[in-house]
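Single-letter residue listing:
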Amino acid sequence: MASPQPQQINVADLDIQQLADVRRQLEEELNHLTNSFAQLKQAQAKFKSCIENVAEVKPQNKGNTILVPLTNSLYVPGRLTDPEHVIVDVGTGYYVKKSRAQAIKYYEAKVDYIRTNLDSLQETISKKQDNMNYLVNVMQAKLQAQSQIAKT
């Protein structure tokens, strides 16, 4: 059974109240999409930061004292014993031991995946903004037409 196709409606055929409702819906969609875009940008920045942090773990730092974060504001002293490997949070409470090169490759793949999603999302946001601009222009034209009719 085929899914029903979305019905196309010419916004020029709608009255002012219906146009206002469509505008409100478009604004909500745009807000949601822009929030999602911002969240993806933050995730991308986090993964880029991870790449930089993995690069800072170097063999010459073996045996150095470091601060190990227990929370965002609580640290304990530790000693770097294996600078060739890091523990990577792969999600849902799972952690995997990876070489530094594997960890960088993992985080670069995450950054690329998010970049693809950001590009797609940016395209969607742009289309929605174009729709919004067209809708606003139609609303303004209808309001001007109504005011012209009221003046005569």
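- In the nomenclature of an unreviewed UniProt entry, the protein corresponds to Prefoldin alpha subunit from the organism Leucogyrophana mollusca.

Brief notes about helix α1 (residues 16-56)
Item 1. Under the 1.5 Å per step criterion, the end-to-end length of α1 is 59 Å for 41 residues, consistent within 8% with the ideal 60 Å.
Item 2. Among the residues making up α1, those that are buried are Leu19, Leu26, Leu30, Leu33, Phe37, Gln44, Phe47, Cys50, Ile51 and Val54.
Item 3. Near the N-terminus of α1, the side chain that reaches the backbone nitrogen of Gln17, with its oxygen 3.1 Å away, is that of Asp15.

A few points about the pattern of salt bridges
Item 1. In this structure the tally under the stated criterion is seven salt bridges.
Item 2. Residues Arg23 and Glu27 are paired through a salt bridge, measuring 3.3 Å at the closest nitrogen-oxygen approach. With Arg23 and Glu27 both in helix α1 and four residues apart, the pair spans about one turn of that helix.
Item 3. Residue Arg23 is classed as partly exposed on the basis of its relative accessible area of 32%.
Item 4. Linking Asp112 and Arg115 is a salt bridge whose minimum nitrogen-to-oxygen distance equals 2.5 Å. Linking Asp112 with Arg115, this pair stays in helix α2 (residues 100-151), spanning three residues, or about one helical turn.
Item 5. Exposure remark for Asp112: the relative accessible area of 40% places this residue in the partly exposed category.

Digging into the layout of surface pockets
Item 1. For the largest pocket, the calculated volume is near 570 Å³.
Item 2. For the largest pocket, the lining is made up of 22 residues, of which Val54, Val86, Ile87, Val88 and Tyr107 are closest to its centre.
Item 3. The class makeup of the residues in the lining of the largest pocket is 13 nonpolar, four polar and five charged.

Considerations on a nonpolar patch on the surface
Item 1. On the surface, a nonpolar cluster with roughly 370 Å² of combined accessible area is contributed by Ile66, Val68, Leu70, Leu74 and Val76.
Item 2. With respect to the element layout, Leu70 can be found in the loop between β1 (65-69) and β2 (75-79).
Item 3. Take Leu70: its relative accessible area is 52%, and that puts it in the exposed class.

Regarding the pairing of strand β3 (residues 85-91)
Item 1. Of the pairings in the sheet, the one linking β3 to strand β4 (residues 94-99) comprises six bridges and is antiparallel in character. Residue pairing in the sheet places Gly91 in a bridge with Tyr94 of β4.
Item 2. Adjacent in sequence and paired antiparallel, β3 and β4 are bridged by two residues, among which Thr92 carries a positive phi angle near 45 degrees.

A word on the packing of aromatic side chains
Item 1. Here the structure, examined in full by the defined rule, presents two aromatic pairs.
Item 2. Each ring, one from Tyr106 and one from Tyr107, has its centre 5.3 Å from the other, and the planes form 70 degrees; the classification is edge-to-face.

Notes on unusual backbone geometry
Item 1. Its identity as a non-glycine residue notwithstanding, Thr92 has a phi of 45 degrees, on the positive side.
Item 2. Among the secondary structure elements, Thr92 is positioned in the loop between β3 and β4.

Cut-offs applied
- Residues numbered from 1 in each chain as written.
- Predicted model: local features only at pLDDT ≥ 70, side-chain atom pairs only at ≥ 80, totals over all residues.
- Heavy atoms only, no water.
- Helix = DSSP H or I, 4+ residues; strand = E, 2+ residues; numbered from the N terminus.
- Expected span 1.5 Å × (residues − 1).
- Buried < 20%, exposed > 50% of the residue type's maximum accessible area, 1.4 Å probe, protein only.
- Polar contact = N/O pair within 3.5 Å; in protein donor to acceptor, adjacent residues only side chain to side chain.
- Salt bridge = Lys/Arg side-chain N within 4 Å of Asp/Glu carboxyl O.
- 1 Å grid on protein atoms, 1.4 Å probe; cavity = no way out; pocket = protein on both sides within 12 Å on 5 of 7 lines; lining within 4 Å.
- Points joined across faces, edges and corners; volume = space filled by probe spheres on them.
- Nonpolar A, V, L, I, M, F, W, Y, C, P; charged D, E, K, R; others polar.
- Patch = residues over 30% accessible without salt bridge, like charges linked within 9 Å, V, L, I, M, F, W, Y side chains within 5 Å.
- Areas by Shrake-Rupley, 256 points an atom, 1.4 Å probe, with all protein chains shown as cover.
- Pairing = 2+ DSSP bridges.
- Phe/Tyr/Trp six-rings, centres within 6.5 Å; stacked < 30°, edge-to-face > 60°.

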